[in-house]
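Architecture at a glance
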Amino acid sequence: MLRFISKRLASALLVMFTISVLVFLIFFATPGVDPAARIAGKSATPAVLRQVAKEFGLNRPLPIRYGLMMFHLFIKQDLTSYVNIGDRIIPQITAAAPITLSLIFGAVVIWLFVGISAGVVAAKNKGKFIDPLVMFFGITAISIPVFWLGEMVTIITQGGLHHTVFAWVPNGGYVSLTQNPWQWALHLFWPWVTLASLYAGIYARVLRGELINNMNEDYIRTARAKGLSERRILYRHALRCSMITIVSLFGLDVGVLVGGAALLTEVVFGLQGVGWLTYQGLQNLDLPLIMGCVMYGAFFVVLASAVVDVLYAYIDPRIRVVA
Amino acid sequence: MSLDQSSTDAVLSVRDLSVSFSTRQGVVQAVDGLAFDVGPKEVLGIVGESGSGKSVAMYSMLGLVRDANVTISGSVRFEGREILGLSDSEMQSVRGGQVGMIFQDPMTALTPVYTVGWQIVEQLRAHNEMTKKQAHERAVELLAEVGIPDPKSRVNHYPHEFSGGMRQRVVIAMALSCNPKLLIADEPTTALDVTTQAQILDLMGRLQATHGSSIVIITHDMGVIAEIAHRVVVMYAGRPAEIGPELAVVREPRHPYTWGLLGAVPRADLKTRRLVTIPGNAVSPLEVPVGCAFAPRCQYRMEICAERPPLRGAGDHLDACWLSDEQRLEIRSTATVRGEA
Amino acid sequence: MAALGVLIFMVIVTLLAPVYAHHFAHDNPFVPNLQGRIKIGSHFREVMQTNTTGLGVTPIGPTWNFSKYFLGADELGRDVFARVLYGGRVTLLIGFSSGLICITVATVLGMLAGYFGRATDWIISRLLDIIWAFPIYLLAISLSVILVTNGLDLGIIHIGAGSLLLPILIIASVYVPYVARPVRGIVFSLKERDFIHAAVASGASDWHILRKEILPNVMPSVIVFFPLMVALNILTESALSTLGIGVQPPEASWGTIINDGLQLLHTRPWVAIAPGVCIVIVCVALNIFGDGVRDAFDPRAKLRGSI
């Protein structure tokens with residue numbers, strides 16, 4: 001098992017390295033684009049441009065430029081924004097991370113609960129009315145752009161009904177968990193629901209498919225021949241085997257989200273997480289910020305992917321032989 | 001065996017079992033009028049081609065056919081108790097606890113994510129009041145009984161860590177775990193190589209003697225029947241063609257289909273014989289003829305075969321064929337002359 | 001099948017957008033109309049009305065009058081309904097074309113990797129891994145930030161900054177691994193099948209085998225992917241456009257209209273609601289249609305198909 005883990009870690013590092021090179025190339029080596037102007041932002045003075053060129057070695061060969069960029073990013077950690085002059089990037093990202101994590105945490109709980117229950121209910125009642133009904137909701141859930149849903153939620157909760165039904169919904173923003181747990185949850189409630197909807201839809205559909213597939217397998221027939229109750233067969237045998245797919249899906253989804261993929265949700269609800277930060281960077285074309293956020297995001301995806309692979313081996317005993 | 005009423009001491013007594021499926025293309029009669037008895041400690045073989053309904057018959061008896069479009073009728077008595085029509089929860093105590101089942105493909109028969117020990121323990125505790133520890137010990141004993149080496153450590157292994165033959169042994173151990181009165185084996189050796197086949201059949205024979213259970217073994221291979229069965233049911237197109245003691249059916253088969261089945265078995269002791277094949281193809285379950293199902297393929301068919309022959313005979317050797325004993329004798333003597341019998 | 005009907009309806013409706021604009025509404029939804037007045041019933045109303053708070057102007061709300069500002073106006077006085085129709089053409093165009101490009105490229109790569117194996121496979125698989133390792137949004141965003149505002153200038157390839165081709169290509173590339181991996185897997189298992197051995201034994205060239213034997217067997221699975229990819233691409237495009245790095249003005253797509261609507265969210269919500277609803281309808285239809293296609297191709301799946 002240890003060999004497996006270390007091999008996996010090695011390939012994760014390789015991928016990280018490749019991503020960093022790619023990001024670097026995109027931002028600094030795209031033909032026809034002037035890197036200095038990119039870094040310095042839209043409204044840079046010539047002096048700033050010169051300084052940028054010097055610091056990032058833009059007159060030097062490509063690999064050296066790459067090295068310098070990585071150096072600034074990781075070692076010296078003094079990559080600063082040129083739009084908001086002097087603001088350091090790394091601390092901004094680390095400050096924003098807990099917010100993103102809070103958002104994801106609640107959404108995960110909701111979507112796992114809703115998605116898995118819905119999938120089980122649909123599979124159990126396959127063919128009866130409730131099955132296509134649940135699946136329809138699932139399809140709708142995955143067809144709604146998450147950010148748009150957030151906007152709709154905002155309209156409803158902050159609009160006409162704000163003073164009656166939805167008076168309890170705060171007007172966006174974030175309250176830290178350590179500060180006030182109740183307010184923390186209150187502020188995050190609708191963002192949680194909004195973000196969870198998409199994933200609940202996906203998981204419900206996937207689980208239903210997997211469960212129904214697995215219920216047709218030979219070992220389920222054996223389980224029945226053993227005289228086990230249908231309930232036990234569904235939960236202990238079929239579901240357990242279906243979870244394998246769910247777990248690997250889950251790992252990747254969470255990885256992507258932690259990396260800041262929920263950016264539009266954060267923006268809509270005024271939560272200043274990593275996604276929100278990325279968005280700010282995009283709006284202002286603040287290149288160092290964007291680079292920092294992209295690397296941060298990529299790191300988590302790669303990490304999550306590696307963790308999932310290890311977890312997979314733990315859950316599915318068959319994989320351990322191959323590994 | 002009298003087919004008018006069920007035997008009182010039979011472990012399993014089946015009368016007039018019919019199973020049909022309503023599909024978009026029409027009604028499929030998978031089993032039609034099947035009847036047989038299985039006595040205590042007896043091995044009954046059910047033999048027929050693919051699609052003859054042999055597996056469907058056994059599955060539907062135990063409520064393992066989950067299709068919503070199925071209709072099952074007839075009488076199935078297990079130890080005197082009618083089990084056709086029992087609710088699913090009532091059947092759950094019969095399955096596994098009193099009737100064990102072994103399936104064809106050992107590679108997919110066990111749940112991949114649990115150890116074999118866990119799966120045996122699960123069955124034990126579903127039907128017996130046992131602690132986990134007791135059940136675990138019993139599982140180790142069972143594995144030893146079926147010939148798994150080093151059972152104490154292998155009980156904690158996963159199914160994929162066993163070879164095909166070993167897995168089938170585990171399945172057998174599991175099926176026998178609650179000392180069932182009846183063991184149903186659906187083509188248990190078809191997926192295995194010949195050597196393993198012999199070992200598994202041998203094992204089943206021994207276990208049957210020690211556990212005292214009856215066995216119903218479903219197969220398309222007459223060799224398996226000859227090896228292990230006391231009595232035989234030959235099925236064709238969902239209908240019983242011939243029933244009787246194994247020796248009788250093999251030495252003096254009465255139904256032309258049985259002749260074909262036996263003729264198709266390669267025999268080392270007879271010289272220069274062409275393998276006899278039964279002309280035509282297996283009948284589609286959608287197009288079973290009104291009269292005798294085998295008539296279209298039978299070279300001895302007569303006019304009366306347009307009427308379905310009843311299952312009848314003297315003593316315990318029955319057949320569903322209009323040929324009289326004299327006619328059979330004549331056919332057999334000419335066949336001997338031609339060197340075909 | 002109803003889903004297919006819905007889809008076709010949407011396509012036709014959006015294609016008819018210019019017809020609507022010219023014959024019914026008699027105005028150009030791309031030109032700001034800050035000073036205009038329209039006639040409703042017997043009154044004249046300003047398109048941009050003075051705000052109740054006196055702080056600027058608010059565009060007119062939905063009139064529910066089919067020939068004039070059906071859904072109201074946006075912040076530049078333009079007819080929202082007409083814009084949604086026009087935007088639909090762009091969004092659907094991007095969705096379908098990037099979907100098409102994506103599955104075409106993915107199929108080719110998947111077949112090459114699966115069939116030729118070894119070195120070809122290694123190179124292609126590593127390429128796919130790299131693209132896939134990038135979280136989709138991050139890759140799309142990164143590429144878009146650079147390319148969309150500046151255009152692409154690679155020697156002979158010049159693509160202007162505002163060109164629709166850029167989002168189409170970016171979105172297509174980002175999803176290529178998603179389809180290429182399964183195709184590669186299918187080709188791997190096909191390669192071992194007897195009919196391929198037979199073809200090789202009879203002296204068929206690789207090219208011939210790929211075209212005549214492998215491709216037809218890969219097509220069903222690929223076709224199943226198509227509606228799904230279109231839906232995903234539409235969602236991605238709207239996300240990118242809402243961020244400002246997808247479709248660029250003066251072109252409009254449902255995503256850009258949502259973006260426009262964000263400023264008017266509390267006063268004139270319809271600007272943001274309408275395009276979103278359209279996206280949902282189209283994607284639901286695509287998904288249902290995709291499920292239907294999948295069930296049609298895989299009879300076993302009928303047992304487990306959803307709707």
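From a predicted model like this one, the values you see are computed outputs, not experimental measurements.

Our focus in this paragraph is the overall build of chain C. Per the secondary structure count, chain C includes eleven helices and six strands. Out of the 307 residues in chain C, the part that is buried amounts to 46%. Of the contacts made within chain C by residues no fewer than 6 positions apart, 66% connect residues no fewer than 24 positions apart.

The next thing to look at is the packing of helix α3 (residues 80-116) of chain C against helix α9 (residues 254-263) of chain C. Residues and elements named next belong to chain C. Here α3 crosses α9 at 135°, and the two axes come no closer than 7 Å. The angle between α3 and α9 falls in the class oblique. Residue-level contacts link R83, V84, G87, G88 and T91 of α3 to W254, G255, T256 and I257 of α9. For the contact of α3 with α9, the per-class residue count stands at three nonpolar, five polar and one charged.

A few words now on the confidence of the model for chain A. Summing up the model confidence of chain A, the mean pLDDT is 76 and the portion of residues at 70 or higher is 72%. Helix α14 (residues 317-322) of chain A is the least confidently modelled element of chain A, averaging 58 in pLDDT, while helix α9 (residues 218-225) of chain A averages 90, the highest of any element.

This brings us to the sheet that holds strand β9 (residues 231-236) of chain B. All names here are of chain B. Reading across the sheet, the seven strands line up as β6-β7-β8-β3-β9-β10-β11 and stay open at both edges, with mixed pairing between neighbours. Among the strands making up the open sheet, the edge pair consists of β6 (99-102) and β11 (318-319). The pairing of strand β3 (residues 43-47) with strand β8 (residues 214-219) spans five bridges and is parallel. Paired with V47 across the strands is T219, a residue of β8. Strands in contact with helix α1 (residues 54-61) are β3, β7 (182-186), β8 and β9; relative to β8, the strand with the most contacts, it is inclined by about 140°. Its contacts with the sheet put helix α6 (residues 164-176) on β6 and β7, and the angle it makes with β6 is roughly 170°.

Before going further, it helps to examine unusual backbone geometry. Residues and elements named next belong to chain B. Phi at E79 takes a positive value of approximately 50°, unusual for a residue other than glycine. With respect to the helices and strands, E79 occurs in the loop between β4 (70-78) and β5 (81-82). With 16 C-beta atoms counted inside 10 Å, the residue E79 sits in the partly exposed group. Although it is not a glycine, E187 adopts a positive phi angle of roughly 45°.

With that out of the way, let us pick up the sheet that holds β5 of chain B. All names here are of chain B. If you trace the four strands from one edge of the open sheet to the other, you get β2-β1-β4-β5, paired in antiparallel fashion. Here the strands that pair on one side only, and so sit at the sheet edges, are β2 (26-38) and β5. Here strand β1 (residues 12-23) runs beside β2; their pairing, made up of nine bridges, is antiparallel. Paired with L17 across the bridge in β2 is L34.

End to end, helix α8 (residues 181-215) of chain A covers just 43 Å across 35 residues, shorter than the expected 51 Å (1.5 Å per residue, more than 12% under). When the local axis directions of α8 of chain A are compared, the greatest deviation, roughly 40°, occurs at L188 of chain A, which is followed within four positions by the proline P191 of chain A.

With that out of the way, let us pick up the interface of chain A and chain B. Counting from both sides, the interface comprises 19 residues of chain A and, opposite them, 20 residues of chain B. Those elements that provide at least two residues to the side of chain A that touches chain B are α9, α10 (230-261) and α14 of chain A. In terms of residues, the side of chain A that touches chain B owes the most to one element, α9 of chain A, which gives seven residues. Its residues assigned to classes, the side of chain A that touches chain B comprises seven nonpolar, four polar and eight charged.

The rules we used
- Residues numbered from 1 in each chain as written.
- Chains lettered and ligands numbered in written order.
- Predicted model: local features only at pLDDT ≥ 70, side-chain atom pairs only at ≥ 80, totals over all residues.
- Helix = DSSP H or I, 4+ residues; strand = E, 2+ residues; numbered from the N terminus.
- Buried ≥ 20, exposed ≤ 12 C-beta atoms within 10 Å, placed from the backbone.
- Contact = placed C-beta atoms within 7 Å.
- Axes fitted to C-alpha atoms, helices over the stretch in contact; angles between N-to-C directions.
- Parallel < 35°, antiparallel > 145°, perpendicular 65-115°, else oblique.
- Nonpolar A, V, L, I, M, F, W, Y, C, P; charged D, E, K, R; others polar.
- pLDDT = per-residue confidence, 0-100.
- Pairing = 2+ DSSP bridges.
- Expected span 1.5 Å × (residues − 1).
- Bend = angle between axes of the 7 residues up to and from the residue.

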